[in-house]
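Observations on chain architecture
So you can see what is in the structure, the chains are spelled out below.
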Amino acid sequence: QKEVEQDPGPLSVPEGAIVSLNCTYSNSAFQYFMWYRQYSRKGPELLMYTYSSGNKEDGRFTAQVDKSSKYISLFIRDSQPSDSATYLCAISSGSARQLTFGSGTQLTVLP
Amino acid sequence: DAEITQSPRHKITETGRQVTLACHQTWNHNNMFWYRQDLGHGLRLIHYSYGVQDTNKGEVSDGYSVSRSNTEDLPLTLESAASSQTSVYFCASSGQGANEKLFFGSGTQLSVL
């Protein structure tokens, strides 16, 4: 079993839809939860960062962490074609060398 | 603006050849990392360095080596390229802060024939 599981998709939605992206993890020692966005032929860039359970909101993006279920989510409201990218969850127990990435979910938002 | 650059962007080589991928960052970050990205596997850590003269093995280090002679550069060497090393390689760097934000380069697409 992988330490971090992420549905690879692909996921295709119409513009304006609410998108839900999810990851599950197995190691309860994980404390830091991140979402990276990766456009085609580019390196990943940090989108959201959370520590501990709860929600964190940044504009149209909300990151949610449920440590009791070992489940993290990224919600995108009013999705735009510019949101089309691969989204990777990344989880750490405290140091960058222990950062574990999900395999990524490819999202396409259709105009 | 500070940045992290990788070269070349694309490389085709033959099995058994030595290949070196370059990574240069101007963030003045102590921490540098090399990842490979393959379909279905996400990003996997190859090697990392926490400072000059410091190098460490990651999850998939067999067949790869790195050296850190200055803060800005962390070249990745494939000693004897194998077809299984065909992949997209990403270099990343981070500062010392607790949030461990990684800044990634644009990647090198390596094909081993």
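Quick summary incoming for the structure in this document. (Residues numbered from 1 in each chain as written. Chains lettered and ligands numbered in written order. Predicted model: local features only at pLDDT ≥ 70, side-chain atom pairs only at ≥ 80, totals over all residues. Heavy atoms only, no water.)

**Details of the interface of chain A and chain B**
The interface of chain A with chain B comprises 20 residues on the first partner and 21 residues on the second. When the two sides are added together, the surface that chain A and chain B hide from each other amounts to roughly 1600 Å², 56% of it contributed by carbon and sulfur. Counting across the interface, chain A meets chain B through 0 salt bridges. The interface formed by chain A and chain B contains 3 residue pairs in polar contact (both at pLDDT 80 or more). Looking at the side of chain A that touches chain B, the element that brings in the most residues is strand β4 (residues 32-38) of chain A, giving 4 residues. Here the side of chain A that touches chain B is built from residues that sort into 10 nonpolar, 6 polar and 4 charged. (Contact = heavy atoms within 4.5 Å. Buried area = accessible area lost by both parts, 1.4 Å probe. Salt bridge = Lys/Arg side-chain N within 4 Å of Asp/Glu carboxyl O. Polar contact = N/O pair within 3.5 Å; in protein donor to acceptor, adjacent residues only side chain to side chain. Helix = DSSP H or I, 4+ residues; strand = E, 2+ residues; numbered from the N terminus. Nonpolar A, V, L, I, M, F, W, Y, C, P; charged D, E, K, R; others polar.)

**Describing the sheet that holds strand β6 (residues 54-58) of chain A**
All names here are of chain A. Taken together, the 5 strands give an open sheet; going across it, the order is β1-β3-β8-β7-β6, and neighbouring strands pair in antiparallel fashion. Of all the strands in the sheet, just β1 (4-6) and β6 have a single pairing partner and so form its edges. On average, adjacent strands in this sheet sit at an angle of 15° to one another, irrespective of strand direction. Relative to strand β8 (residues 71-76), strand β7 (residues 61-66) is paired through 6 bridges, and the arrangement is antiparallel. For A63, the partnering residue across the bridge sits in β8 and is L74. (Pairing = 2+ DSSP bridges. Axes fitted to C-alpha atoms, helices over the stretch in contact; angles between N-to-C directions.)

**Observations regarding the nonpolar core**
Among the nonpolar cores identified, the biggest contains 24 residues, and W35, I72, L74 and Y87 of chain A are the most heavily contacted of them. Elements supplying a minimum of two residues to this core: β3 (19-25), β4, β5 (45-51), β7, β8, β9 (85-92) and β11 (105-110) of chain A. Once you skip the residues sitting within four places of it in the chain, L74 of chain A turns out to touch V19, S20, L21, W35, L47, M48, F61, T62, A63 and Y87 of chain A. Judged by nonpolar contacts, the second largest core, of 18 residues, contains L21, I46, Y64 and V66 of chain B. (Core = buried A, V, L, I, M, F, W, Y, C linked by side-chain atoms within 4.5 Å. Buried < 20%, exposed > 50% of the residue type's maximum accessible area, 1.4 Å probe, protein only.)

**Structural notes on the sheet that holds strand β8 (residues 76-78) of chain B**
Residue and element names in this part refer to chain B. Read from one edge of the open sheet, 4 strands run β1-β3-β8-β7, paired in antiparallel fashion. Unpaired on one side and paired on the other, β1 (4-7) and β7 (64-66) mark the two borders of the sheet. Shown here is a sheet whose adjacent strand axes are inclined to one another by a mean of 20°, direction ignored. Across 3 bridges, the pairing between strand β3 (residues 19-25) and β8 is antiparallel. Counted as the bridge partner of L21 is L76 from β8.

**Focus on the state of the cysteines**
Enumeration according to the criterion identifies 2 disulfides over all chains in this entry. Residue pairing for C23 of chain A: its cysteine sulfur links by disulfide to C89 of chain A, the two sulfurs lying 2.0 Å apart. One quick way to see it: the torsion about the S-S bond of C23 of chain A and C89 of chain A is about -100°, and its sign makes the bridge left-handed. One end of the pair, C23 of chain A, is in strand β3; the other, C89 of chain A, is in strand β9, with 66 residues separating them in the sequence. Each member of the pair, C23 of chain A as well as C89 of chain A, is classed as buried. Here C23 of chain B pairs with C91 of chain B through a disulfide, and the sulfurs are 1.9 Å apart. Every disulfide takes its handedness from the sign of the S-S torsion; for C23 of chain B and C91 of chain B that torsion is -70°, giving left-handed. Here C23 of chain B is found in strand β3, whereas its partner C91 of chain B is found in strand β9 (residues 87-94), with 68 residues between them in sequence. (Disulfide = S-S within 2.5 Å.)

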